[in-house]
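Architecture and fold: a report
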Number of protein chains: 2
Amino acid sequence: MVKKITQLEKNIGLKFNNIDLLRQAMVHRSYINENKDFPLDHNERLEFLGDAVLELVVTDHLFLKYPNPEGELTNWRSALVNSTMLSEKSQQLGINDYLFLSRGEAKDIGKAREIILANAFEALIGAIYLDQGYEKAREFITDKIISELPRILELGLYLDPKSKLQELVQEKFSITPGYQVIDEWGPDHAKKFKVAVLVEDKKIGEGEGPSKQEAQVSAAKDALLDDKWKK
Amino acid sequence: MVKKITQLEKNIGLKFNNIDLLRQAMVHRSYINENKDFPLDHNERLEFLGDAVLELVVTDHLFLKYPNPEGELTNWRSALVNSTMLSEKSQQLGINDYLFLSRGEAKDIGKAREIILANAFEALIGAIYLDQGYEKAREFITDKIISELPRILELGLYLDPKSKLQELVQEKFSITPGYQVIDEWGPDHAKKFKVAVLVEDKKIGEGEGPSKQEAQVSAAKDALLDDKWKK
């Protein structure tokens, strides 16, 4: 059961003039297919708009605040604006409880859901922009997304996580980290892997993913975020 | 010899507070390499900013003016914002006469120059946005880029040109257009092709390019823009 949209409005901390814009941002295409008489369209047009607003707000901030070359700013922007980050932020706002999904989509909580959550976040930005204007959208993006920048820069998360971890481990211990599959499960079409990343025989992080490579990246991120082994 | 920048300011129809921003938008990376003591940086950071401004202005316009699905709006946007269109607009403003280029780059007037012109156009948008604000940048983009939209929609230029031409020729003559290489020249690493597009034995367009495929696309565009054979 989809929760009342006014609760989401409170989570976001804004009062919409047209609450249907916020509601529409939560509507996945699959829901419309199953509910032809639903009064609102799905959220893809709002996502198209929100994506461009997000891009300008982040670009403008990076340009004005940092004198770095364009190539570096582009990497930082990619680390801020990508489906993993946007779906995390979406979940933090509780958007999972407000999505309008088909019965089929509602059961899928893997990669497909991550994309749906990220797209709903962009659609939400589109809705805020339309209803409240650029400045309110900028404040929202600054609060939710740009606030992650110091952590990303400090941890070097704009680099590929495996390269970054290798750099760090070599610097500290003069050896290369190793990866090991410690579990795998699920049917062939939906296999999952759990991978540990090790320094000599000590586990410094672990991660899961639908492929060994993705599980390794996730394990590397986990190790980067953990400070204990670095001491 | 690079022309006086104040003349470009007149072409654009704006009075800059900081004329160095406009000047910097014209500076290609290659010029800095050859002139290490030049007081300004090259234009890549301005291009990074201008690209995001251009994207939001065009996206916002398409969203508000047309109720079409996101997929169509994305195609229309690609037809408005691409290096061919931006370099054409750059040339119409006379930007060729204001570019700061290395001696090597100054000699190249092919595809490399097209990219340089398109990038300078985006950097110019970045400079206008910084110096004059979003609204002036929006007016500039509306005047130079969005004004092309009716023609693009009318001629179906948002479709792949070869598909669009085939559709049109089949509708009118119930046959399929054919392509024929009518000339080729240049050394192997810089080959050029000239291609004609024919309806039965009548040439309805021609185009050049660094591959047969690109020359065909150019010939199809040429035919689409010519009204004579359609009557």
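The paragraphs below set out a description of the structure included in this document. Note that the structure is predicted; figures quoted are calculated from it, not measured. Once a new chain begins, its residue numbering starts again from 1 and follows that chain's sequence as written. By the order in which they are written, chains take letters starting at A while ligands take numbers starting at 1. With pLDDT at 70 or above as the cut-off, local features in this predicted model cover only qualifying residues; side-chain atom pairs require 80 or more to be listed or tallied, and sums for whole chains, interfaces and linings still use all residues. Side-chain figures throughout are based on the complete set of non-hydrogen atoms in the structure, without hydrogens or water.

Turning next to the interface of chain A and chain B. Across the boundary between the two partners, chain A contributes 26 residues, which contact 26 residues of chain B. Two parts placed together each lose some accessible area under a 1.4 Å probe, and adding up what both lose gives the buried area. Summing both sides of the interface, chain A and chain B together bury roughly 2,200 Å²; the carbon and sulfur share of this comes to 70%. Together, R45, F48 and F63 of chain A form the three largest contributors to the area buried by chain A at its contact with chain B, with a combined 38%. Counting of polar contacts relies on pairs of N or O atoms within 3.5 Å, with two restrictions inside protein: one atom must be capable of donating a hydrogen and the other of accepting it, and residues adjacent in sequence are counted only when both atoms are side-chain atoms. Where chain A packs against chain B, one counts eight residue pairs in polar contact (both at pLDDT 80 or more). By the criteria applied, helices consist of DSSP H or I runs no shorter than four residues and strands consist of E runs no shorter than two, each listed in order from the N terminus. Elements represented by at least two residues in the side of chain A that touches chain B include exactly α4 (44-65), α5 (70-80) and α8 (111-132) of chain A. Note on contacts: a residue pair qualifies if any of its non-hydrogen atoms lie within 4.5 Å across the two residues.

The subject of this paragraph is the environment of I141 of chain B. On the secondary structure map, I141 of chain B appears in helix α9 (residues 134-144). In the structure, I141 of chain B is positioned 87 residues away from L54 of chain B in sequence and 6.9 Å away in space, judged by C-alpha atoms.

Moving on, we come to unusual backbone geometry. Notably, S174 of chain A is not glycine yet its phi reads approximately 55°, a positive angle. In this structure, E200 of chain A takes a positive phi of about 50° despite not being glycine.

To continue, consider the packing of aromatic side chains. Two rings belonging to Phe, Tyr or Trp (six-membered ring only in the last case) form a pair when the distance between their centres is within 6.5 Å. Interplanar angles under 30 degrees mark stacking, angles over 60 mark edge-to-face geometry, and anything in between is tilted. According to the stated counting rule, one finds 17 aromatic pairs over all chains in the structure shown. When the ring of Y129 of chain B is compared with that of Y134 of chain B, the centres are 6.5 Å apart and the planes differ by 85°; the resulting orientation is edge-to-face. Look at Y129 of chain B and you get buried, because its relative accessible area is 13%. When accessible area is computed with a 1.4 Å probe and restricted to protein chains, residues below 20% of their type maximum are described as buried, those above 50% as exposed, and intermediate ones as partly exposed. Residue class for Y134 of chain B comes out partly exposed when judged on its relative accessible area of 24%. Joined through ring pairs, the aromatic side chains of Y129 and Y134 of chain A together with Y129 and Y134 of chain B make up one cluster. Stacked on the ring of Y179 of chain A, the Lys or Arg K162 of chain A has its end atom at 5.1 Å from the ring centre. Cation placement over rings: the criterion is NZ of Lys or CZ of Arg within 6 Å of the ring centroid and within 35° of the ring normal.

Here the focus is the relation of the copies chain A and chain B. Screw-axis analysis of chain A against chain B gives a translation of 0.2 Å along the axis, an RMSD of 0.3 Å, and a rotation angle of 180°. Such a combination of turn and shift is consistent with a two-fold rotation axis. Interface overlap between copies is the fraction of interface residues in one copy that are interface residues in the other; for chain A against chain B it reaches 100%, indicating a shared surface. Superposing the copies works by least squares over the C-alpha atoms of residues that have pLDDT at least 70 in both of them.

Another point: the pattern of salt bridges. Every case where a carboxyl oxygen of Asp or Glu lies within 4 Å of a side-chain nitrogen of Lys or Arg is listed as a salt bridge. Applying the stated criterion to the full structure yields 31 salt bridges over all chains. The partner of E167 of chain A in a salt bridge is K164 of chain A, with the nearest N and O atoms 3.5 Å apart. With E167 of chain A and K164 of chain A both in helix α11 (residues 161-173) and three residues apart, this pair spans about one turn of that helix. E55 of chain B is paired through a salt bridge with R77 of chain B; the nearest N and O atoms lie 3.6 Å apart. On the criterion of sequence distance, the pair formed by E55 of chain B in helix α4 (residues 44-65) and R77 of chain B in helix α5 (residues 70-80) is long-range, its members being 22 residues apart.

A few words on the environment of F63 of chain A. Locating F63 of chain A in the fold gives a position in helix α4. A residue is classified by how much of its surface remains accessible, and F63 of chain A, at 10% relative accessible area, is buried. Once the C-alpha coordinates of F63 of chain A and L73 of chain A are considered, the two residues, ten residues apart in sequence, prove to be 7.6 Å apart. With sequence-adjacent residues up to four places away left out, F63 of chain A is seen in contact with L73 of chain A together with R45, L46, L49 and L130 of chain B.

Looking now at the sheet that holds strand β3 (residues 202-209) of chain A. All names here are of chain A. Being paired, for any two strands, means DSSP has found at least two bridges between them. With respect to topology, three strands assemble into an open sheet ordered β1-β2-β3, the strand pairing being antiparallel. Because the sheet does not close on itself, it has two edges, and the strands there are β1 (178-185) and β3. Averaged over all pairs of adjacent strands, the angle between strand axes in this sheet comes to 25°, irrespective of strand direction. In this sheet, strand β2 (residues 192-199) lies alongside β1 in antiparallel orientation, the contact comprising seven bridges. Counterpart to G178 in the pairing with β2 is L198. Packed on one face of the sheet, α11 meets β1, β2 and β3 and runs near 25° to β2. Throughout, an axis means a line fitted to C-alpha atoms (over the contacting stretch in the case of helices), and angles, computed between N-to-C directions, take values from 0 to 180 degrees.

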